[in-house]
Amino acid sequence: MKRVFLATLLPALIWAQSYREIIRAIDHAPAMQSAKQMEAASGHLYESARAEELPSLDASFSAAWLHETPTATFRMPPLFQPLKAPMGKKINYVGEIALKYPVFTGFAITAMVDKARWQKEQARLKVLDLKRNLYMNATKLVTAILSVESNIDALHKAREAMEAAYRKADGLYKNGLLPPSDLYNIKARKFAINASLAEATSQQKQLLNRLSYLIDRPVTSVEIPAKLHASADRSGLIEEALHQREDIRALEASLKMDEADVRLAKSGYYPTVAAAVALKRQGDTLELNGNGIMNADQSYVGLQASWNLFHGMEDKHRVEAARLKKLSARTALQDYKARVKTNIKNAFLELDALGEKLQSAEAEVRAQEEYYKLTKGRFANKLASADELSRSIADLAAARAKADTIRAKIFNQKVTITLMAGVDAFETMYGAE
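Since the model is a prediction, treat every value here as computed from it, not as a measurement. (Residues numbered from 1 in each chain as written. Predicted model: local features only at pLDDT ≥ 70, side-chain atom pairs only at ≥ 80, totals over all residues. Heavy atoms only, no water.)

Moving on, we get to the side chain of Ser212. By secondary structure assignment, the location of Ser212 is in helix H4 (residues 180-215). The class for Ser212 is buried, based on a relative accessible area of 15%. When sequence neighbours within four positions are dropped, the list of residues in contact with Ser212 reads Arg217, Pro218 and Val219. (Helix = DSSP H or I, 4+ residues; strand = E, 2+ residues; numbered from the N terminus. Buried < 20%, exposed > 50% of the residue type's maximum accessible area, 1.4 Å probe, protein only. Contact = heavy atoms within 4.5 Å.)

Bringing the pattern of salt bridges into the picture now. All told, the structure shown has 26 salt bridges when counted by the stated rule. Arg407 is the partner of Glu362 in a salt bridge, and the nearest nitrogen-oxygen pair spans 3.2 Å. Taken as a pair, Glu362 in helix H7 (residues 314-380) and Arg407 in helix H8 (residues 386-419) lie far apart in primary sequence, 45 residues in all. Taking the relative accessible area as the measure of exposure, Arg407 reaches 15% and is therefore buried. For Glu388, the salt bridge goes to Arg378, with nearest N and O atoms at 3.9 Å. Pair noted here: Glu388 is in helix H8 and Arg378 is in helix H7, with a separation of 10 residues, a long-range link. (Salt bridge = Lys/Arg side-chain N within 4 Å of Asp/Glu carboxyl O.)

A few words now on the sheet that holds strand S7 (residues 272-283). Pairing within the open sheet is antiparallel, and its 4 strands lie in the order S2-S5-S7-S8. Edge positions in the sheet fall to strand S2 (56-65) and strand S8 (300-306), since each of these pairs with one other strand and no more. Averaged over all adjacent pairs, the angle separating strand axes in this sheet is 25°, with direction ignored. By the bridge criterion, 11 bridges tie strand S5 (residues 91-104) to S7 in an arrangement that is antiparallel. (Pairing = 2+ DSSP bridges. Axes fitted to C-alpha atoms, helices over the stretch in contact; angles between N-to-C directions.)

Tracing the sequence through the fold places Leu128 in helix H3 (residues 108-174). Along the sequence, Leu128 and Ala35 sit 93 residues apart, while their C-alpha atoms lie 9.3 Å from each other. With sequence-adjacent residues up to four places away left out, Leu128 is seen in contact with Glu246 and Val423.

Although it is not a glycine, Leu288 adopts a positive phi angle of roughly 55°. Looking at the element boundaries, Leu288 is found in the loop between S7 and S8. A residue is classified by how much of its surface remains accessible, and Leu288, at 13% relative accessible area, is buried. Phi is positive for Met313, close to 65°, though the residue is something other than glycine. Of note, Met313 is situated in the loop between S8 and H7. Look at Met313 and you get partly exposed, because its relative accessible area is 40%.

Bringing helix H5 (residues 234-244) into the picture now. One turn of an α-helix holds 3.6 residues; hence residues three or four places apart share an orientation. Listed as buried for H5 are Leu237, Ile238, Ala241 and Leu242. The arc that holds the buried residues of H5, viewed along the axis, is 135°, so those residues lie on one side. Facing away from the buried side of H5 by over 90 degrees, the exposed positions are Ser235 and His243. Structurally, H5 contributes buried residues whose contacts are with helix H6 (246-266), H7 and H8. (Arc of directions from axis to C-beta.)

The end-to-end C-alpha distance of H8, which contains 34 residues, comes to 49 Å, matching closely the 50 Å that a straight helix rising 1.5 Å per residue would cover. Counting buried positions over the 34 residues of H8 gives 24, a clear majority of the element. (Expected span 1.5 Å × (residues − 1).)

Our focus in this paragraph is the packing of aromatic side chains. Tallied over the entire structure, the rule returns 7 aromatic pairs. Between Tyr135 and Phe426 the ring centres are 4.8 Å apart and the planes differ by 35°, which places this aromatic pair in the tilted class. Separated by 291 residues along the polypeptide, Tyr135 in helix H3 and Phe426 in helix H9 (residues 423-430) bring together distant segments of the chain. Overall, the relative accessible area of 0% leaves Tyr135 in the buried class. By relative accessible area, which is 0% here, Phe426 ends up buried. In this structure an aromatic cluster arises from ring pairing among Phe61, Trp65 and Tyr93. Over the ring of Tyr166 we find Lys190; its NZ or CZ atom is 4.3 Å from the centre of that ring. (Phe/Tyr/Trp six-rings, centres within 6.5 Å; stacked < 30°, edge-to-face > 60°. Lys NZ or Arg CZ within 6 Å of the ring centre and 35° of its normal.)

Quick look at the structure:
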């Protein structure tokens, strides 16, 4: 593989923030903090689902004041009148402490816990994938800022050259050796460069504001490492991406959730069994010592089993829907992996093309520098017009800005390729913490 090294785009600035500092600040961005809170919420939901596997202990107390005293009527032989006897009191208090446990639910609880566990894992992976995308956005802004700053630097050099050309032209004009139209031409080019500088400076400030918003702290200028390498092992990077990249693993977690949904739907085919043991007392006073008719102690041990035999084929349709959803997710995952693989291959091809473009741009800069020197000397000897000199200055500035812009694109492309393999690969290479 042909390696392309990124040269320093601008001289070091005293107050510049390094690329590594900007990357580290991503962890404190509001978007990251919000995502981490959602991840924490998923963790609590998982623990809540796990609680369903454990016995539940419930305490209850009830009180009832009846309008009439409960009675029972005893039918005697025909010669006797029916006899009514009290069966309770108007005032009734019941206290109960019950321990309940789902002995068997057709694997429904297990499926729900598995689904919650994968939801928690998916939330964690989504946080990492958000970080990966924020790294990409920050890198794009950094390279855009550097491109604009390179343009500003080239325009400053062009303005200095134009100022020198104007002073030379003004001297020639005052000695009657240059027509006024040529002097005005150079002066007009000076104003054009100043206007371009004002526009580029405005773009720079806007991009710095966007980067400051992204990382939630002020940024006045940026620096990047002088040299960066893209991975030479292209096939290895693709494999790492397919197995480690956070968005792919999040989709795999979603597939696991769909598999849990299938098991949950199938639980409807099985009976459910629950057991309970309770300490229960009743009475007509708060002491719960009976009412003189019914015994006070109504504690019990119970077992309940139920099995739905038919409900309009509901369970069958639910299982089929869950199964088809899982198949759809699996197909989408395979398609997504194929797309990621293609994107990485194309990203390497783009990097190679940028390397070729940089060589061409650097050759163009050297050519424009020589042409400017030649035109400057010819103008001093009245062999070239002011328009030719102005064009040579502008062309040199454009060539320099073009080369630096390509260097910035190479930096962005190398970072993007690394991020295509996942956050771990990126942080290992660039030392983000």
